[in-house]
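Fold and geometry: a report
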Amino acid sequence: PAKSKNIVEILTKKEENVGIILDGVAGMFQHHDEIAYLKKRKGIVKIALRAGVPLVPVYGFGHTQLWNVVVDPFGILEKLSVKLDTSLCPFFGRFGWFLGPPHRVPVTICVGEPVNCPKISDPTKEDIEIYHSMLLKKYANLFEQHKEAYGWGDKELKFV
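This is a predicted model, so every value here is computed, not measured.

1. Details of the overall build of the protein
Along the protein, the regular secondary structure elements total five helices and six strands. Secondary structure of the protein in N-to-C order comes out as α-α-β-α-β-β-α-β-β-α-β. Expressed along its principal axes, the backbone C-alpha trace of the protein runs to roughly 50 × 35 × 30 Å. Residue burial in the protein is summarised as follows: out of 160 residues, 34% are buried. For the protein, the proportion of contacts with a sequence separation of at least 24, taken over those separated by at least 6, is 71%. Only carbon and sulfur atoms are counted for the fraction: they give 57% of the accessible area of the protein, which is about 10,300 Å². The averaged location of the 18 negative side-chain charges in the protein is 5 Å from the averaged location of its 21 positive side-chain charges.

2. Re the environment of Met 134
Looking at the secondary structure, you find Met 134 in helix 5 (residues 125-150). Along the sequence, Met 134 and Pro 114 sit 20 residues apart, while their C-alpha atoms lie 9.6 Å from each other.

3. Digging into the side chain of His 132
Tracing the chain through its elements places His 132 in helix 5. For His 132, a relative accessible area of 3% gives the class buried. Contacts of His 132, omitting those with residues within four sequence positions, involve Leu 38, Lys 39, Arg 41, Lys 42 and Val 45.

Scoring rules and cut-offs
- Residues numbered from 1 in each chain as written.
- Predicted model: local features only at pLDDT ≥ 70, side-chain atom pairs only at ≥ 80, totals over all residues.
- Heavy atoms only, no water.
- Helix = DSSP H or I, 4+ residues; strand = E, 2+ residues; numbered from the N terminus.
- Buried < 20%, exposed > 50% of the residue type's maximum accessible area, 1.4 Å probe, protein only.
- Contact = heavy atoms within 4.5 Å.
- Areas by Shrake-Rupley, 256 points an atom, 1.4 Å probe, with all protein chains shown as cover.
- Lys, Arg positive; Asp, Glu negative; His and termini not counted.
- Charge placed at Lys NZ, Arg CZ, Asp CG, Glu CD.

In short, the description is geometric, and any link to function would need to be established separately.
Below, the structure written as structure tokens:
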């Protein structure tokens, strides 16, 4: 899991980039829809504002099609996985093998326009909200711009 202390240290002291996966464990259970768990996740925006670094939206088209995930109808595995911060998600890959290799589907990674964050040592909730909404718009624009080329003209990116 991404810990803010480690991220801040890397961004400020080591002057390196940090990549954060959109969905985390919760996203593994949403393999039919394109869902981004970002509405309530504002910590990365706060970190970016404190460090004065840009947030660059990156989206992977096709990653939700790599495995067939078994989802229990009651959501018990999902709740346990989120609580334990680890995947308790049975899946099948190529050839129908349990825990098998991924299906052969193209995965396209698209990089969007950055959200340039000013350096604010103690950002307010209002500051965080402004840049968070900018980030969501950039993700939506990125998805809309490239979905047709991937063959997903009918899909929508939903923010949860």
